[in-house]
Every structure is written in C-alpha cells, then in structure tokens.
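Residue strings, one per chain:
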Amino acid sequence: MDRDEEVALLGRTDSSKLKSRVKLAATGCALGIFAVLATVWFLDLGGFFQFDAARWVEITEDPIVSPVDRRAPVNFLALGDWGRHGLYNQSLVASQMGKIGGALEINFVVSVGDNFYKNGLTGVDDIAFDESFSRIYTAPALQKPWHAVLGNHDYHGDVFSQLDPRLGLRDWRWHCVRDAQLIFDLSPSLFRGDVDSRVSTVELFFVDTVPFIDQYWAPNQKHDFDWRDILPRHRHLQQKLENLTSALNASTASWKIVVGHHTIRSYGAHGDSVELVRQLLPILEGNNVDVYVNGHDHCLEHVKRDDSPIHFITSGGGSKAWKGISPPQNSNGLQFYYDGQGFVSFSVAESWLQIVYYNIYGEAVHKVRLTK
Ligand SMILES: *[C@@H]1O[C@H](CO)[C@@H](O)[C@H](O)[C@H]1NC(C)=O
Ligand SMILES: *[C@@H]1O[C@H](CO)[C@@H](O)[C@H](O)[C@H]1NC(C)=O
Ligand SMILES: *[C@@H]1O[C@H](CO)[C@@H](O)[C@H](O)[C@H]1NC(C)=O
C-alpha cells in the first residue's frame, strides 16, 4: 500500500487523481438476472433508485453523489454475526464503523448474516429489529443502504419477515435478500452518459448459503429451520447454483465479489464448509471471482491459498467473539486471524481493490491490496 492510501484511510483530504465520484449503475444486460429477487442499485442524476423485479422505488433519503473526491469510487463495510441488542461489544463495533465509514464515505454496508440472535426475527414487528439494528448503527455514515444475506440463526426465526419490504418502512436502510446481484459502476466515463463497452464495474453476488449445510437438515437437528420457499432442497440448490453460474459467467465486472454467510475456507471454530467447498467453490473459481466474503466464524480472517485464486475474507466479528482458532493441521494460506470483534472495509477502483480489517478500537490490523 502506498502512503497516499494510508492518508486517505485516515480521512484527510487528498487530491485524488481518480475522478472518484460514485456512480452506481445498472446496464440492461443485468436486468433479468436473478429476475425475481434481483436488486440492482442505480444512481441517476436525480436520485437513487432500486430496481426490484418489475418496479422502481426511489429512496430519497440517500444523498446524491458527494462532491468530495474519494480515493475509490466505491467504498463499503462488511460486518457479520451482530444482532445482540448492543451486547458483546456490538455497540462499540458500531461506533467504530461510524468513524471508519465516515472517513471512507461509504456507499453502503454489507451484512454477511446472522443478523438477529439467537433466533432471527419473530415477525416484521419484532422489537429486536430496533434494539439490535436501528438503535445500534446510528452514526451518520451508516445511514446508507444495508444489504444483508441470511445466516443460520436467522433461519431459526421467521425468514420471510427479514425479507419483507415492510421492514424497510421501519428502517429504510434494510434490504435483505436470499440471492441477488448488485452492480456499481467504477468508470468516470459513465458520468458523461456514454454507456458503452468501456463500462467498468464491481459486482456483488449475494448467495444464501444456509440451505447448503447438511447438518441443518439432519433429523436430529435440535433447532427449527424455516425452510419455506426452499423445498424441495435439491431442486432449490441446483437452481441457485445454475443462476449464480450464469450470472457470474455473463458478468463483465472488473471485480467480482461473492457474499455468503458460511465459510468456504476458514481456520476458525467452524472451519471450512465442506458443502460449499464441493458445490460453490468450483463455480467461483471457474468464473474469475476475486473475493468471497463471509461470516459464521466469529472472527476476522484472511485466507489466500496456493491452490485457489480467491481471497477468503471472514468478517464475523459483529458481536460475540473469542471462539478460538481451530488447531491448524494445515494452515495453508492463512494470512491473518484475529479472534475478537471488528469489521472490514472495501475500497474499489477500476484497477485496484483494497480490503482493511479493523478491531474494536478502529485500528487497521490487516490490509489486502489487489491490483489488475
Ligand atoms: C470487548 O472488547 C475488548 C477489547 O477487545 C475485550 O477485551 C473484551 O473481552 C470484549 N468483550 C466481550 C464481551 O467480548
Ligand atoms: C433462478 O432463476 C429463476 C429465473 O430467474 C428464478 O425464477 C428462480 O427463483 C431462481 N432460483 C433460485 C433458487 O434462485
Ligand atoms: C458463458 O458465456 C459465454 C458467452 O459469453 C457462453 O458462450 C457460454 O456458453 C457460457 N457458459 C455457461 C456455462 O453459461
């Protein structure tokens, strides 16, 4: 990382060469991918729009493009495993996210699941939504869209309530989906309206990984799982993988980031998810995915193995942590492991992507910089 990046991270003004205005755009080809659940964000001169199946929804609360130049056109935070009414340092993590989010002028937040402990939400009126989300992430910088996937604890409750647009009436930031693709433009050229082949994007592919995990389907499973809309399981998983494969294959993004709750590669308490190593990983590797971001293990972790081009980023430090590291029989690729609370930031430009890990004091404890 060069010195300018350090400076930018600290939030000092810096005359960036990048015309780093944020432009969130969708191109026509994106529409129809994941048709029913697709959520594509789209910034037009007049406002901030969400493409959601067949309707356009204007979200007026979101400020228009910031006039301040940023180092990267797109910045966001990723957080997982958090909703505990502020306990287990959740509130401290939230306040540090507010500071770092402000310095980076983030565009949105990604939640990698296990949004509400211990048993998801009981319904769209559940007070836990206020107590664990709205009243915790109160910093001005966090008043941005939150894009969430589901975790296994969310499935212990009423999954439909987390996906229900009525939650957006309680707190406009909340956007939870099972599977979706978000497209953000990185190329200043689009600002002049020339939508052409030079368009450069970062694309996030959200995958609901919970139904993949065999253990949750075992007859002796002690928790209830809300499998509505998932059955029959085999068909659902097959379709999900087909949809993801075609979306990834059709994508011309500069950077492809896949988001799911469960680990693929991890040295935390849960370790690898063998189901995802077998079924999801080959698709990611076959379609030039750069980064996989997950939670589930309550730690901050970076794995980059020799046998895979993918960077595995665990950001599961949203609240209860300190579960320990599983004895690494073969710690192939373990680049960084922090067992406590924290979160991760992403800054994305056409030719580089930077990931920074923060602890509960807001200190940058690990950095990953990728270039193309
Ligand atoms: C909160 O964070 C501090 C600093 O990392 C740590 O010492 C403490 O154990 C944490 N508390 C909990 C409940 O995890
Ligand atoms: C796969 O895509 C089809 C067509 O867009 C959609 O109807 C279906 O719900 C998707 N299935 C899954 C499991 O995501
Ligand atoms: C991927 O896309 C190319 C065209 O861009 C197409 O020829 C190919 O069949 C697609 N592969 C899959 C697996 O969809």
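Computed from a predicted model, the values in this text were never measured in an experiment.

Read across the open sheet, the 7 strands follow the order S8-S9-S10-S11-S13-S12-S14; overall the sheet is mixed. The two strands at the open ends of the sheet, each matched to only one other strand, are strand S8 (180–185) and strand S14 (334–338). Recorded for the sheet is a direction-independent mean angle of 15 degrees between the axes of neighbouring strands. Relative to strand S9 (residues 201–206), S8 is paired through 6 bridges, and the arrangement is antiparallel. Paired with Asp185 across the bridge in S9 is Thr201.

It is worth spelling out the pairing of strand S15 (residues 342–348) at this point. Within S15, 7 of the 7 residues are buried, which leaves the element mostly enclosed by the surrounding structure. Side chains of S15 alternate between two faces, with Gly342, Val344, Phe346 and Val348 and Phe343, Ser345 and Ser347 buried alike. As defined by bridge partners, strand S4 (residues 74–79) adjoins S15 across 5 bridges and the pair is classed as antiparallel. The partner of Val74 across the bridge, within S15, is Val348. Pairing of S15 with strand S16 (residues 352–359), which is carried by 7 bridges, proceeds in the antiparallel orientation. From the neighbouring strand, Ser345 faces S16, where its bridge partner is Val356. Count of turn residues in the S15/S16 antiparallel hairpin: 3 residues.

All right, on to the UniProt feature "binding site: Fe cation 1" (unreviewed entry) in the chain then. UniProt marks Asp81, Asp114, Tyr117 and His298 with the feature "binding site: Fe cation 1" (unreviewed entry), using the numbering shown here. These annotated residues cover 218 residues of sequence, but their C-alpha atoms sit close together, with the largest distance between any two at 13.1 Å. With sequence-adjacent residues up to four places away left out, Asp81 is seen in contact with Asp114, Gly151, Gly295, His298, Gly316, Gly318 and Ser319. Note on placement: His298 falls in the loop between strand S11 (291–294) and strand S12 (300–303). The class of His298 is buried, set by 26 C-beta atoms lying within 10 Å. Not counting the four nearest positions on each side in its chain, His298 is found in contact with Asp81, Gly316, Gly317, Lys320, Ala321 and Lys323.

Before going further, it helps to examine the sheet that holds S16. Reading across from one edge, S7-S6-S5-S4-S15-S16-S17 is the order of the 7 strands in this open sheet, with mixed pairing throughout. In this open sheet, the two edge strands, each paired with only one partner strand, are strand S7 (174–176) and strand S17 (364–371). Strand after strand, the sheet turns through a mean of 20 degrees between neighbouring axes, direction not considered. Helix H2 (residues 90–104) rests against S4, S15 and S16 of the sheet, and its axis sits at about 15 degrees to S15.

Let us look at the UniProt feature "binding site: Fe cation 2" (unreviewed entry) in the chain. Here, the residues flagged by UniProt with the feature "binding site: Fe cation 2" (unreviewed entry) are Asp114, Asn152, His261 and His296. In terms of the greatest pairwise C-alpha distance, the residues named above, spread along 183 residues, form a tight cluster of at most 8.5 Å across. Tracing the backbone shows Asp114 in the loop between strand S5 (108–111) and helix H3 (128–134). Tracing the backbone shows His261 in the loop between strand S10 (255–259) and helix H7 (274–279).

Here is what the cut-offs are and how they apply
- Residues numbered from 1 in each chain as written.
- Chains lettered and ligands numbered in written order.
- Predicted model: local features only at pLDDT ≥ 70, side-chain atom pairs only at ≥ 80, totals over all residues.
- Pairing = 2+ DSSP bridges.
- Helix = DSSP H or I, 4+ residues; strand = E, 2+ residues; numbered from the N terminus.
- Axes fitted to C-alpha atoms, helices over the stretch in contact; angles between N-to-C directions.
- Buried ≥ 20, exposed ≤ 12 C-beta atoms within 10 Å, placed from the backbone.
- UniProt positions renumbered as here; feature names shortened; annotations may be inferred.
- Contact = placed C-beta atoms within 7 Å.

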